[in-house]
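Take a look at the letters that make up each chain.
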Amino acid sequence: MSKEESPQVTRRTTRLSSSYTPNEIESAAKRINLPPLTLRDLVFGEEEPLTLDGLISSLPGRRNQILEILRLLGPVNCPVSPLFVYGGVSTGKTSTILQVFRHLNRPFVYSSCRTCYNARQLFDNILNQLLLHRKSEINDYSSAKKCEKQADFINLLKEALVGVVDGLKGNVGKSPRSKKSEGCVNGSMVYLIFDSLELVRDWDKSATILPLLFKLHDILKVPDLGLIFISSSSLDTYHSDTGFVDPIPVYFPDYTEEGLKQIFMRNQSNSKLLSTFLDVVLKPFCRVTRRLDELSTALSPLFKKYCEPLDDLDVIPNEETRRQLFTCLQPHIGPALNEIFRVTSEPSVEAGIKNNLKRKNPLKKFGNDSVDDIDFHMSTSAKYLLISAFLASRNPATLDASFFDSTGGSANQKKKRKASEKSRDLKEASEQEQFMKGPGTFPLERLLAIFQCLTSSEEYSLEEDEDSQEKTSLGGDFGENSLMSDILLQVSSLCSANFITKGGSCPLEGSTRYRSTVSEDLALKVARSLKFPLSKYLYRR
Ligand SMILES: Nc1ncnc2c1ncn2[C@@H]1O[C@H](COP(=O)(O)OP(=O)(O)OP(=O)(O)O)[C@@H](O)[C@H]1O
């Protein structure tokens, strides 16, 4: 193993490689005439060390996950079980892992299964990094090793790892050659990071590659090796009968509204203006999606609109200005909400639901009140549909009016519920029977009506603290035709995932009836993840 000493190159072409094609990177490398890679290129390579405080403040909303990962990785050179970092799209999994390694200054090899789109590329990529090999014109852009078969990969990987670890151990105690090289490698353990692991399922021979990756630790028996898998779907979606030991899961929940606000507010010049804007728009948008990428795409043009009437963008808006800005913005909010709802619908719902269907992670604790314990990867609107279906199956239809007033929401709930209590005696026998039969069936119209009531609830109106004239609720937007077709698609996804089953057709109405199959426990967890007060809407005998 070569141990060249010049550390001038800051590494991490890893993330670069996701934004540039290999050709672009290589021709850039050729033009710049980069020096040979060294072991120090296996650390993040920033000149400024990242303190723990800096790490935590660079990733708002991820404090718990950062501390958990640091705890699991343990002190330097401490053997570690494989970690499985998972959570929805854009929940900061990759950024957190890479920044944690930047903070720790430990050597790692990062490979994304998005940029390596088959097993051979993945193997090549890992071996090239470990063998400090850079493809260039000089070597005819060839890889360090030819590796077609999995068995070859294992042998070559073990050899390369042992070489790197020996090299790192040899480095211990050696002071960095120059001040610039304070990114000296911390410890002699090397970590392999596999990002976007869920994509491997679409590869050829994924049925053998995935178990191989999960078993790498056992097969290689290199104690100085750490493995980190990053995935946007949960561990259960990978389960097969190959008997590998589960890696330790670290869950990245969707960001809370407050977390999202902090992320958007980072490094902003006029934070007051942005804060005022976010106070207005974040709540309704969060009810459709909490995905950072989707929210940034939707909110960025809206913020421009919000600022349009202002000559001076450094202004700190007073109450009157805020009101005027909101009035100008208001017509643009509905269309933007519709658009984001359309984008977040079908594929993610389906994928998320399928993942959850297969989910039975024994390592995951349930029954805990923490929202962080729920790992649902479906859109917010799909969650509301799931809850609506649950309510439609559990509550007698006769009580719908007492739970949901005509304008939506539960504002009149107390009063109407009381009124309905008078007639309860009469209905009790049939309801009792219905409960004995398990979840009841309902027509599609009832499901949609409940969904509309829940999503147009005044509790979630846009401008809670503002003048009531300014109130805009999400529900109004759901009435539109294009949006309704998206909702129907989501209902169909919930059906194909068996969260809702078709319960046969009603002989009188002739229309199909549906039944929710989710347990109360599950429905409550989904509701908690939305901060939705499900028990308020649930009829209890
Ligand atoms: N807490 C955060 N603070 C600041 N930026 C963040 C945060 N979380 C995510 N981002 C930004 O969002 C984008 C996506 O983040 P990242 O790639 O880390 O998410 P991910 O969970 O790995 O996504 P995917 O599942 O798509 O791989 C990046 O630009 C990242 O900088």
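Calculation criteria
- Residues numbered from 1 in each chain as written.
- Predicted model: local features only at pLDDT ≥ 70, side-chain atom pairs only at ≥ 80, totals over all residues.
- Heavy atoms only, no water.
- Core = buried A, V, L, I, M, F, W, Y, C linked by side-chain atoms within 4.5 Å.
- Buried < 20%, exposed > 50% of the residue type's maximum accessible area, 1.4 Å probe, protein only.
- Helix = DSSP H or I, 4+ residues; strand = E, 2+ residues; numbered from the N terminus.
- Contact = heavy atoms within 4.5 Å.
- Pairing = 2+ DSSP bridges.
- Axes fitted to C-alpha atoms, helices over the stretch in contact; angles between N-to-C directions.
- Right-handed = clockwise from strand over helix to strand, strands pointing away.
- Arc of directions from axis to C-beta.
- Salt bridge = Lys/Arg side-chain N within 4 Å of Asp/Glu carboxyl O.
- Near = heavy atom within 4 Å.
- Polar contact = N/O pair within 3.5 Å; in protein donor to acceptor, adjacent residues only side chain to side chain.
- Areas by Shrake-Rupley, 256 points an atom, 1.4 Å probe, with all protein chains shown as cover.
- Phe/Tyr/Trp six-rings, centres within 6.5 Å; stacked < 30°, edge-to-face > 60°.
- Parallel < 35°, antiparallel > 145°, perpendicular 65-115°, else oblique.
- Left-handed = near helix turned anticlockwise from the far one by under 90°.

This next bit is on the nonpolar core. Of all hydrophobic cores here, the largest spans 47 residues; its most connected members are Leu130, Leu157, Leu192, Phe194 and Leu197. Listed by contribution, the elements that provide at least two residues to this core are β1 (83–87), α6 (119–130), α7 (150–171), β3 (190–195), α8 (206–220) and β4 (225–231). With 9 residues, α7 is the largest single contributor of residues to this core. When sequence neighbours within four positions are dropped, the list of residues in contact with Leu197 reads Phe84, Cys113, Leu210, Leu213, Phe214, Phe229, Ile230, Ser231 and Tyr238. Formed by 38 residues, the second largest nonpolar core is a distinct cluster that contains Leu386, Phe442, Leu447 and Tyr537.

With that out of the way, let us pick up the sheet that holds strand β2 (residues 108–112). If you walk across this open sheet you meet the 5 strands as β2-β3-β4-β1-β5, and the pairing is parallel. The outermost strands of the open sheet, each flanked by one partner alone, are β2 and β5 (248–252). Averaged over all pairs of adjacent strands, the angle between strand axes in this sheet comes to 15°, irrespective of strand direction. Across 5 bridges, the pairing between β3 and β4 is parallel. In the strand pairing of β4, Phe194 is matched with Phe229. Against the sheet, helix α4 (residues 63–73) touches β1, β3, β4 and β5, its axis set at about 165° to β5. The strands touched by helix α5 (residues 93–104) within the sheet are β1, β2, β3, β4 and β5, with β4 carrying the most contacts at an inclination of about 155°.

For β3, a buried count of 6 out of 6 residues is recorded, marking the element as mostly surrounded by other parts of the structure. For the handedness criterion, the β-α-β arrangement of β3, α8 and β4 is classed as right-handed.

This part is about α4. For an α-helix, 3.6 residues make a turn, and residues three or four places apart therefore share a direction. Residues of α4 that are buried: Gln65, Ile66, Ile69, Leu70, Leu72 and Leu73. Around the axis of α4, the buried residues are gathered within 165° of arc, so they sit on the same side. Looking at the packing, one finds that the buried side of α4 touches α3 (52–58), β1, α5, β3, β4 and β5. The first or second residue beyond α4 is Gly74, which carries a positive phi of 70°.

Let us look at the pattern of salt bridges. Under the defined criterion, the tally for this structure stands at 10 salt bridges. With a shortest N-O distance of 3.6 Å, Arg120 and Asp124 are connected by a salt bridge. Of this pair, Arg120 and Asp124 both sit in helix α6, 4 residues apart, which is roughly one turn of the helix. Assessed through its relative accessible area of 36%, Arg120 is described here as partly exposed. Asp124 sits in the buried class, given a relative accessible area of 10%. Notably, a salt bridge pairs Glu319 with Arg322, separated by 3.5 Å at the nearest N-O pair. Within this pair, Glu319 and its partner Arg322 are both found in helix α12 (residues 319–344), separated by 3 residues, close to a single helical turn. Owing to a relative accessible area of 41%, Glu319 belongs among the partly exposed residues under this scheme. On the basis of relative accessibility, which here comes to 24%, the residue Arg322 falls in the partly exposed class.

Taken together, 17 residues lie around the ligand, and Pro60, Lys93, Thr94, Ser95 and Tyr255 are the ones closest in. At 2.7 Å from an oxygen atom of the ligand is found a side-chain nitrogen or oxygen belonging to Lys93. The side chain of Thr94 places a nitrogen or oxygen atom 2.6 Å from an oxygen atom of the ligand. Coverage of the ligand by the protein chains reaches 75% of its 630 Å² of free accessible surface. The biggest single contributor to the shell around the ligand is α5, with 3 residues.

Another point: the packing of aromatic side chains. For the structure shown, the criterion picks out 14 aromatic pairs. Measuring from ring centre to ring centre gives 5.1 Å for Tyr86 and Tyr251, while their planes differ by 40°; the resulting arrangement is tilted. Within this pair, whereas Tyr86 is found in strand β1, its partner Tyr251 is found in strand β5, the two being separated by 165 residues in sequence. Here Tyr86 and Tyr251 have matching classes, each one buried. Seen from their ring centres, Phe101 and Phe108 are 5.2 Å apart, and the 50° between their planes marks the pair as tilted. Overall, the relative accessible area of 0% leaves Phe101 in the buried class. Ring pairs connect the aromatic residues Phe84, Tyr86, Phe194, Phe214, Phe229 and Tyr251, which therefore count as one cluster.

We now examine the environment of Leu213. Within the secondary structure, Leu213 is located in helix α8. Separated by 19 residues in the primary sequence, Leu213 and Phe194 have C-alpha atoms spaced 9.0 Å apart. When residues no more than four places from it in sequence are discounted, the contact partners of Leu213 are Leu122, Phe194, Leu197, Leu227 and Phe229.

At a minimum axis separation of 10 Å, helix α14 (residues 380–394) and helix α21 (residues 520–530) run at an interaxial angle of 140°. Comparing their axes, α21 and α14 come out oblique. The two elements α14 and α21 meet at a crossing, and its hand is left-handed. Judged by residue contacts, Thr380, Lys383, Tyr384, Leu386, Ile387 and Phe390 of α14 engage Glu520, Ala523, Val526, Ala527, Ser529 and Leu530 from α21.

Our focus in this paragraph is the environment of Val518. You can see Val518 is positioned in the loop between β8 (512–516) and α21. Note on Val518: relative accessible area 2%, which makes it buried. Beyond its immediate chain neighbours, meaning those up to four positions away, Val518 contacts Leu386, Phe390, Arg394, Phe499 and Ala523.

Just distances and angles here, no functional claims.
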